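The primary structure of each chain is shown beneath.
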Amino acid sequence: MQVIYQEGESLLHRLNPLSKVVALVPVVLFVALTTDPWLPLAFMILASAMIVGPARIAPGTFWRLQAPLTISLLVFMILYPFMVRAELFDHTPVVLRLGPLVLYQGALLAGTAAVLRVYAMFLLSLIFMFTTDISDFIRAMVQQWHFPYRLGYGVLAAFHFVPLLQEEFRLIQAAHRIRGIETQGGVHTQVERLRRSLIPLLTSAIRRAERTALAMESRAFGALKQRSYFRRFRFSRTDYLFILCFWLLCLLVIALFWLAGWMGPLSFTKEL
């Protein structure tokens, strides 16, 4: 998540992280209940508009970070109609027949609905991930939702290790290349190359974790029940206004699709 976060000064960046959680989680859960492709498609458009609009995320960055999942879902959408049990959809019209492979209209719609539902949930989650620093999110949870600070700051320290370990992994690989260790080859060569990199990386990670633990203990981390904070997180009027406006906008979209008859049934158990 910290890799996806994009620094900025937009309205969504300045909001309390928990207000975004409160606003988005009910909508994501609702989208998970949909079984029709049209409503998830509407929420995909809404989420994309918020990301490139109020969140001020560059369209190129937006596409680059979501491209791997987009491609994976497209592959799934193509394969799903051929992989699902035919008896579930053999009562629907046949769209395509290629020898033993039969594409039913019901299977095609079910696969499309499943992909759009997952994609809409992912894009709604990106609103939070693009605009929320994980450090602020954990600090807000500790202060406002009484999340145990010993656990919270431990998670925070682990997140801070990620970029350090990424840089160290690159340095180890560069050192191997300078020493003439073979980097090109088949699967065995790549596995051996990975093993040579992981052992020093694991050693370094343990050493860093030990130093961090000693530093935290030397500063009496965990000795007091209450902590003081340099920055206090509270819900402001802007946070409440954002939650209210986002929910009203989502309710308007849902109402329009319901009145138009495009919402379909809501269920976790609807057989696809």
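Now for a description of the structure that goes with this document. On a predicted model such as this, the values are computed, not experimentally measured, just so you know.

1. Details of the overall build of the protein
Within the protein, the regular secondary structure consists of nine helices and two strands. Each helix (α) and strand (β) of the protein, taken in turn from the N terminus, gives the series α-α-α-α-β-β-α-α-α-α-α. A compact globule built from 272 residues would reach a C-alpha radius of gyration of about 19 Å, whereas the protein, at 24 Å, exceeds it by more than 25%. Along the first, second and third principal axes, the C-alpha atoms of the protein reach 70 × 60 × 35 Å. Residue burial in the protein is summarised as follows: out of 272 residues, 38% are buried. Partitioning the contacts of the protein with sequence separation of at least 6, the portion at a separation of at least 24 is 78%. On the protein, roughly 16800 Å² of surface is accessible, and the fraction owed to carbon and sulfur atoms is 66%.

2. Overview of the side chain of Gln-143
Counting through the fold element by element, Gln-143 comes out in helix α6 (residues 134-144). Owing to a relative accessible area of 12%, Gln-143 belongs among the buried residues under this scheme. Ignoring sequence-local partners within four residues, the contact set of Gln-143 consists of Tyr-229, Arg-231, Arg-232 and Phe-233.

3. Here we look at the side chain of Thr-92
Structurally, Thr-92 can be placed in the loop between α4 (59-83) and β1 (94-98). When its relative accessible area of 18% is taken as the criterion, Thr-92 is described as buried. In terms of polar contacts, Thr-92 uses its side chain to reach the backbone carbonyl oxygen of Phe-89, at 2.6 Å. Here the side chain of Thr-92 touches Gly-106 through a polar contact of 3.2 Å, landing on its backbone nitrogen. Setting aside residues no more than four positions away along its own chain, Thr-92 makes contact with Tyr-104, Gln-105 and Gly-106.

4. A closer look at helix α9 (residues 237-260)
Here α9 is 24 residues long and its end C-alpha atoms lie 34 Å apart, about the 34 Å a rise of 1.5 Å per residue gives. Buried within α9 are the following residues: Asp-239, Phe-242, Ile-243, Phe-246, Cys-250, Val-253, Ile-254 and Phe-257. Its buried side turned inward, α9 meets α1 (11-14), α2 (17-33), α3 (38-52) and α5 (105-131).

5. Side note on unusual backbone geometry
In this model, Arg-56 sits at a positive phi of 55 degrees, which is unusual for a non-glycine residue. By the element assignment, Arg-56 lies in the loop between α3 and α4. Backbone geometry at His-146 places phi at a positive 55 degrees, although glycine is not the residue there. With respect to the helices and strands, His-146 occurs in the loop between α6 and α7 (149-178).

6. Describing the packing of aromatic side chains
Working definition: an aromatic ring pair is given by the centre-to-centre distance plus the angle between the planes. For the coordinates displayed, the defined rule picks out eight aromatic pairs. Between Phe-62 and Phe-130, the ring centres sit 6.1 Å apart and the planes meet at 70 degrees, which makes this aromatic pair edge-to-face. With Phe-62 in helix α4 and Phe-130 in helix α5, the pair connects residues that are 68 residues apart, well separated along the chain. As far as the burial class goes, Phe-62 and Phe-130 line up, both buried. The interplanar angle of 70 degrees and the centroid separation of 5.9 Å between the aromatic rings of Phe-257 and Trp-262 together place this pair among those described as edge-to-face.

7. Describing the pairing of β1
Where β1 lies against strand β2 (residues 101-104), four bridges are found, and the strand directions are antiparallel. Considered in β2, the bridge of Leu-96 is made with Leu-103.

8. Quick look at the pattern of salt bridges
One side chain can pair with another of opposite charge once the charged atoms of both are near each other. For the structure on display, the rule yields six salt bridges. The partner of Arg-139 in a salt bridge is Asp-136, with the nearest N and O atoms 3.3 Å apart. Taken together, the positions of Arg-139 and Asp-136, both in helix α6 and three residues apart, correspond to about one turn of that helix. Classification of Asp-136 by relative accessible area gives buried; the value is 18%. Ionic pairing is found between Glu-192 and Arg-196, a salt bridge with its closest N-O pair at 3.8 Å. Residue Glu-192 and its partner Arg-196 are located together in helix α8 (residues 187-218), separated by four residues, close to a single helical turn. With a relative accessible area of 23%, Glu-192 lands in the partly exposed category. Judged by its relative accessible area of 33%, Arg-196 is partly exposed.

9. Quick notes on the nonpolar core
In a soluble, globular protein the nonpolar side chains are often hidden away together inside. Counting residues in hydrophobic clusters, the biggest one holds 53 residues, and the most contacted among them are Leu-39, Phe-43, Leu-123, Leu-124, Leu-126, Ile-127 and Phe-246. Looking at this core, the elements that each hand over two or more residues are α2, α3, α4, α5, α6, α7 and α9. With twelve residues, the top contributor of residues to this core is α5. Apart from the residues lying within four places of it in its own chain, the contact partners of Phe-43 are Val-27, Val-31, Ala-120, Leu-124, Cys-250 and Ile-254. Counting eight residues, the second-largest nonpolar core is a separate cluster that includes Tyr-80, Val-84, Phe-89 and Ala-107.

Reading the values: the criteria
Residues numbered from 1 in each chain as written. Predicted model: local features only at pLDDT ≥ 70, side-chain atom pairs only at ≥ 80, totals over all residues. Heavy atoms only, no water. Helix = DSSP H or I, 4+ residues; strand = E, 2+ residues; numbered from the N terminus. Rg over C-alpha atoms; globule rule 2.2 N^0.38 Å. Buried < 20%, exposed > 50% of the residue type's maximum accessible area, 1.4 Å probe, protein only. Contact = heavy atoms within 4.5 Å. Areas by Shrake-Rupley, 256 points an atom, 1.4 Å probe, with all protein chains shown as cover. Polar contact = N/O pair within 3.5 Å; in protein donor to acceptor, adjacent residues only side chain to side chain. Expected span 1.5 Å × (residues − 1). Phe/Tyr/Trp six-rings, centres within 6.5 Å; stacked < 30°, edge-to-face > 60°. Pairing = 2+ DSSP bridges. Salt bridge = Lys/Arg side-chain N within 4 Å of Asp/Glu carboxyl O. Core = buried A, V, L, I, M, F, W, Y, C linked by side-chain atoms within 4.5 Å.

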